[in-house]
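Descriptive structure summary
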Amino acid sequence: MSKTNTQIETLLRLVCEGAGSQAKTPSDFQIIAAYVKQRTNENLALNTLKRMWNYGGITSKPRQATLNLMARTVGYRSFEDFCEHYGDCSPSSDIVLGGGVKVQDLVTGQRLMLRWNPNREIVIDYLGNSAFRVIASENSKLQVNDTFQAAVFSTGYPAMLANVIHGDSYWSLYEIGQQGGLTLVRLLPSEK
């Protein structure tokens, strides 16, 4: 399978979500480099990262080794494996459709209910800075008091959760709703 710009864009988006970075400032690239190092134990030059995101108008065709390293950062053996999992990485999977909530639109203390198949449900409390805490859980591996970071929740699409603290365990990246996406994303009334 040959790499496409859409597949690369999807990979870069997942790296940003995992690192909790926007890839818009020099310090963002330092955060991403540290995240790559933490996940793979390999260094990636800041200039290489900036070229990947076309920062400052600098661009070049990414090397296969760089794509493989980025794919390993988000939990795949290689870029080829990443592409097999994401298929053609169609652009529509990057668009947040109706029924979605962007984290940037939330305020601290707001709660969301998320559902996905088969029969999974969590209620989460927004802590600020893209962080959430699970306050109720049914049939999910996520349990009460687990925390994570996320950027968006949209019905019909899986949600990528980053930096999950699950009891004594740490998961860099965890995907919910792999089969069919989230079936419900609901903003709950605030607690008085």
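What you are looking at is a predicted structure, and each value in this text was computed from that prediction instead of being measured.

**Some details on the overall build of the protein**
Broken down by element type, the protein carries five helices and nine strands. Mapped from its N terminus to its C terminus, the protein presents α and β elements in the order α-α-α-α-α-β-β-β-β-β-β-β-β-β. Counting all 192 residues of the protein, 43% fall into the buried class. Counting only contacts in the protein whose residues sit at least 6 apart along the sequence, the fraction spanning at least 24 positions is 47%. Accessible area for the protein stands at about 10200 Å²; split by element, carbon and sulfur atoms hold 47% of it.

**Description of the sheet that holds strand β9 (residues 182–188)**
Strand order across the open sheet formed by seven strands is β8-β7-β5-β4-β3-β2-β9, with antiparallel pairing between neighbours. The open sheet has two edge strands, β8 (169–176) and β9, and neither has a second partner. Ignoring strand direction, the axes of neighbouring strands in this sheet form an average angle of 30°. Of the pairings in the sheet, the one linking strand β5 (residues 147–149) to strand β7 (residues 159–166) comprises two bridges and is antiparallel in character. Note on β7: the bridge partner recorded for Thr147 is Ile165. Across the sheet, helix α1 (residues 5–19) lies against β7 and β8, angled at about 30° from β7, the strand it touches most.

**Focus: the environment of Ser172**
Within the secondary structure, Ser172 sits in strand β8. Note on Ser172: relative accessible area 9%, which makes it buried. Each C-alpha atom of the pair Ser172 and Gln38 lies 9.7 Å from the other, and the pair is 134 residues apart in sequence. A distance of 2.9 Å separates a polar atom in the side chain of Ser172 from a polar atom in the side chain of Arg39.

**Points about the packing of α1 against helix α2 (residues 26–40)**
Helices that pack against each other are described as a pair by the angle of their axes relative to one another and the distance between those axes. Interaxial distance between α1 and α2 falls to 9 Å at its minimum, and their mutual angle equals 90°. One finds that α1 runs roughly perpendicular with respect to α2. In this structure, α1 contributes Val15, Cys16, Gly18 and Ala19 to the contact, and α2 contributes Ile31, Ile32 and Tyr35. Partitioning the contact of α1 with α2 into residue classes produces six nonpolar, one polar and no charged.

**Topic: the confidence of the model for the protein**
When pLDDT is averaged along the protein, the result is 84; 88% of the residues meet or exceed 70. Taken element by element, the predicted model of the protein shows its lowest mean pLDDT in strand β1 (residues 100–102) (79) and its highest in strand β4 (residues 131–138) (96).

**Considering the packing of α1 against helix α4 (residues 64–73)**
Put simply, α1 and α4 touch, their axes get as near as 9 Å, and they point 45° apart. By the criterion of interaxial angle, the relationship of α1 to α4 is oblique. Every pair of crossing elements has a handedness; the one defined by α1 and α4 is left-handed. Along the contact surface, α1 presents Ile8, Leu11, Leu12 and Val15, while α4 presents Leu67, Met70 and Ala71. Of the residues belonging to the contact of α1 with α4, the class tally is seven nonpolar, no polar and no charged.

**Describing α2**
Here α2 contains 15 residues, and its C-alpha end-to-end distance of 21 Å stays within 8% of the 21 Å for a straight helix at 1.5 Å per residue. Asp28, Phe29, Ile32, Ala33, Tyr35, Val36 and Thr40 are the residues of α2 that are buried. The arc that holds the buried residues of α2, viewed along the axis, is 160°, so those residues lie on one side. Next to the buried residues of α2 lie α1, α3 (46–52), α4, β7 and β8. Just downstream of α2, Asn41 is the residue with a positive phi angle, here 65°.

The rules behind these values
- Residues numbered from 1 in each chain as written.
- Predicted model: local features only at pLDDT ≥ 70, side-chain atom pairs only at ≥ 80, totals over all residues.
- Heavy atoms only, no water.
- Helix = DSSP H or I, 4+ residues; strand = E, 2+ residues; numbered from the N terminus.
- Buried < 20%, exposed > 50% of the residue type's maximum accessible area, 1.4 Å probe, protein only.
- Contact = heavy atoms within 4.5 Å.
- Areas by Shrake-Rupley, 256 points an atom, 1.4 Å probe, with all protein chains shown as cover.
- Pairing = 2+ DSSP bridges.
- Axes fitted to C-alpha atoms, helices over the stretch in contact; angles between N-to-C directions.
- Polar contact = N/O pair within 3.5 Å; in protein donor to acceptor, adjacent residues only side chain to side chain.
- Parallel < 35°, antiparallel > 145°, perpendicular 65-115°, else oblique.
- Nonpolar A, V, L, I, M, F, W, Y, C, P; charged D, E, K, R; others polar.
- pLDDT = per-residue confidence, 0-100.
- Left-handed = near helix turned anticlockwise from the far one by under 90°.
- Expected span 1.5 Å × (residues − 1).
- Arc of directions from axis to C-beta.

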